[in-house]
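Chain residues, written in single-letter form:
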Amino acid sequence: MSEQQIQKVKVRRLAHVGLWSGDVATQARFYRQVVGLDLRSSEVRTDGQEMEVEVASAFLALGDEHHCLALFADTRDLRPVKADGHFILPQSRLHHMTFEVDTEAELAALAARLNMLGVELAFEPRDGDTERGDTLWFRDPDGNRIEIAVASDEAFTQYAAASGRRQARLRPLALQHLALQTPHLETMVEFYTEALGFDISDWLLREWAWLRCNTDHHTLVLIQGRPDVDHIGFRIDSGLDLLAWADYLSRHETPILWGPGRHGAGHDLFLRFADPEGCHVELSAELEQYYDQDVTTPPRLWHARPRALNLWGTLPSWIKEEVTV
């Protein structure tokens with residue numbers, strides 16, 4: 001393995017996100033019935049529309065992948081803690097996130113680079129699909145667990161075809177991005193760019209950073225704040241689909257928390273709603289694409305929240321508040 005291979009290797013896509021849940025059955029039902037994901041796990045038994053959890057996890061998918069979202073029963077102490085006049089969760093809802101590389105050689109090169117950077121590594125069973133062998137596990141500077149796996153052969157076809165796929169029912173095309181709050185924004189940006197090969201697409205002062213690892217404007221968003229999941233982003237086909245989703249969510253009595261709007265950073269159309277436990281879900285269409293395989297496009301700098309976050313309207317109260325940690 002050459003030094004050049006070690007330095008150039010990068011993760012290629014976000015494969016799935018794992019969340020802690022206080023009620024796996026209710027969460028899984030929401031993501032099936034409202035968001036449109038399919039239940040993959042044999043650990044949750046279904047009987048018509050009713051669900052019974054036999055063990056403490058559920059795995060849900062949008063395509064032929066094993067899963068894009070995993071839910072794990074939370075046995076941690078999650079009693080809200082009061083700080084600065086606000087009640088906050090003492091720990092992040094993120095269980096782990098999984099990124100993929102294309103080949104076993106890239107996985108070995110990435111492990112070598114992480115080892116050179118002093119990151120503690122472990123090869124452990126693959127999340128949700130243990131028969132496919134062990135994967136690489138470690139933690140980022142905030143302590144978030146990260147899994148790196150080799151993509152299956154089917155993943156390349158699914159990823160390329162997702163944007164043009166028409167569906168019989170309203171559902172997202174694919175998992176697109178994850179947004180995390182962090183009290184150590186610059187340290188986290190440095191880790192994901194140096195250790196995992198992300199590029200910076202946009203900066204908002206010292207508050208937000210949008211990072212990409214493929215042609216999408218962002219796969220990971222880092223936001224200054226207390227450690228938690230800010231939102232999970234799914235790709236949809238178009239602005240017309242976004243309007244259809246707005247009507248669809250209304251029929252399901254699921255309030256739209258933000259949007260429809262257009263982000264300045266990424267230039268995508270979006271709307272946002274929340275699952276039963278308050279984790280935000282964002283639907284995104286027409287995300288800006290980057291094709292800078294040989295020469296990296298420098299990041300854009302934004303100096304005002306409204307222009308970076310919503311070109312069409314006002315910002316929600318949780319963003320208007322001062323950024324604190």
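Analysis parameters
Residues numbered from 1 in each chain as written. Predicted model: local features only at pLDDT ≥ 70, side-chain atom pairs only at ≥ 80, totals over all residues. Heavy atoms only, no water. 1 Å grid on protein atoms, 1.4 Å probe; cavity = no way out; pocket = protein on both sides within 12 Å on 5 of 7 lines; lining within 4 Å. Points joined across faces, edges and corners; volume = space filled by probe spheres on them. Nonpolar A, V, L, I, M, F, W, Y, C, P; charged D, E, K, R; others polar. Helix = DSSP H or I, 4+ residues; strand = E, 2+ residues; numbered from the N terminus. Buried < 20%, exposed > 50% of the residue type's maximum accessible area, 1.4 Å probe, protein only. Pairing = 2+ DSSP bridges. Polar contact = N/O pair within 3.5 Å; in protein donor to acceptor, adjacent residues only side chain to side chain. Contact = heavy atoms within 4.5 Å. Core = buried A, V, L, I, M, F, W, Y, C linked by side-chain atoms within 4.5 Å. Phe/Tyr/Trp six-rings, centres within 6.5 Å; stacked < 30°, edge-to-face > 60°. Lys NZ or Arg CZ within 6 Å of the ring centre and 35° of its normal.

**Student:** Quick question: what am I supposed to make of empty space enclosed by the protein here?
**Tutor:** The gaps of empty space that remain are located by a probe, the size of a water molecule, rolled over the atoms. As enumerated under the stated definition, the model contains 1 cavity of 30 Å³ or more in all. Put simply, the largest cavity is a space of about 60 Å³. Around the largest cavity sit His177, Trp208, Trp210, His218, Val221, His231, His263, Arg272, Glu282 and Leu309, which together line it. Here the residues of the lining of the largest cavity sort into 4 nonpolar, 4 polar and 2 charged.

**Student:** Please clarify how the environment of Asp23 should be interpreted in this entry.
**Tutor:** Relative to the elements of secondary structure, Asp23 occurs in the loop between β1 (13-21) and α2 (24-35). Here Asp23 falls in the partly exposed class, since its relative accessible area comes to 34%. Sequence-wise, Asp23 and Ala73 are 50 residues apart; in three dimensions their C-alpha atoms are separated by 6.7 Å.

**Student:** For this particular structure, what's the right way to read the sheet that holds strand β12 (residues 145-150)?
**Tutor:** Strand pairing within a sheet occurs via backbone hydrogen bonds; the two strands may be parallel or antiparallel. Pairing in this open sheet of 8 strands is mixed, and the strands run β2-β5-β6-β1-β9-β12-β11-β10 from one edge to the other. With one partner strand each, in any of the chains shown, β2 (38-39) and β10 (122-125) form the two edges of the open sheet. With 2 bridges connecting them, β2 and strand β5 (residues 57-61) associate as antiparallel partners. Its bridge partner lying in β5, Leu39 is registered against Leu60.

**Student:** Could you clarify how one ought to interpret the side chain of Gln224 in this entry?
**Tutor:** Following the sequence through the fold, Gln224 ends up in strand β16 (residues 220-224). For Gln224, a relative accessible area of 19% gives the class buried. Within polar-contact distance, the side chain of Gln224 engages the backbone oxygen of Pro183 at 3.2 Å.

**Student:** Sorry, what's going on with the environment of His96 here?
**Tutor:** With respect to the helices and strands, the residue His96 is situated in strand β9 (residues 94-101). The residues touching His96, leaving out its near neighbours within four places in the chain, are His16, Val17, Gly18, Phe72, Asp127, Trp137, Arg145 and Glu147.

**Student:** Whenever I open this one, the nonpolar core confuses me. Can you help?
**Tutor:** Here is a general trend for soluble globular proteins: nonpolar side chains tend to be buried in one another's company. Grouped together as the largest cluster of nonpolar side chains are 67 residues, with contacts concentrated most on Ile148, Tyr192, Leu196 and Ile232. The biggest single contributor to this core is α2, with 6 residues. Filtering out sequence-adjacent residues up to four positions away, Tyr192 remains in contact with Met97, Phe99, Asp140, Ile146, Gly197, Phe198, Leu211, Leu220 and Leu222. Ranked by size, the runner-up nonpolar core spans 14 residues in total, among them Ala179, Trp208, Phe270 and Trp302.

**Student:** Looking at this structure, I do not really get the environment of Leu178. What am I missing?
**Tutor:** Note on placement: Leu178 falls in strand β13 (residues 174-182). Taking the C-alpha atoms as reference points, Leu178 and Phe234, separated by 56 residues in sequence, lie 9.0 Å from one another. Excluding residues that lie within four positions of it along the chain, Leu178 makes contacts with Leu14, Val17, Leu94, Met97, Thr219, Leu220, Val221, Val229, His231 and Ile232.

**Student:** What is the right way to read the packing of aromatic side chains from this model?
**Tutor:** In this description, an aromatic ring pair is defined by two values, namely the gap between the centres and the angle between the planes. For the structure on display, the rule yields 11 aromatic pairs. Ring geometry for Phe138 versus Phe191: centroids 6.4 Å apart, planes at 55°, classification tilted. Taken together, the residues Phe138 in strand β11 (residues 134-139) and Phe191 in helix α5 (residues 185-194) connect sequence positions 53 residues apart. Like Phe138, the residue Phe191 is buried in the burial classification. Ring geometry for Trp208 versus Trp210: centroids 5.5 Å apart, planes at 20°, classification stacked. Taking the relative accessible area as the measure of exposure, Trp208 reaches 8% and is therefore buried. Connected via pairs of aromatic rings, a cluster forms that spans Phe99, Phe138, Phe191, Tyr192 and Phe198. Over the ring of Tyr290 we find Arg212, and its NZ or CZ is 4.0 Å from the ring centre.

These values are about where atoms sit, not about what they do.
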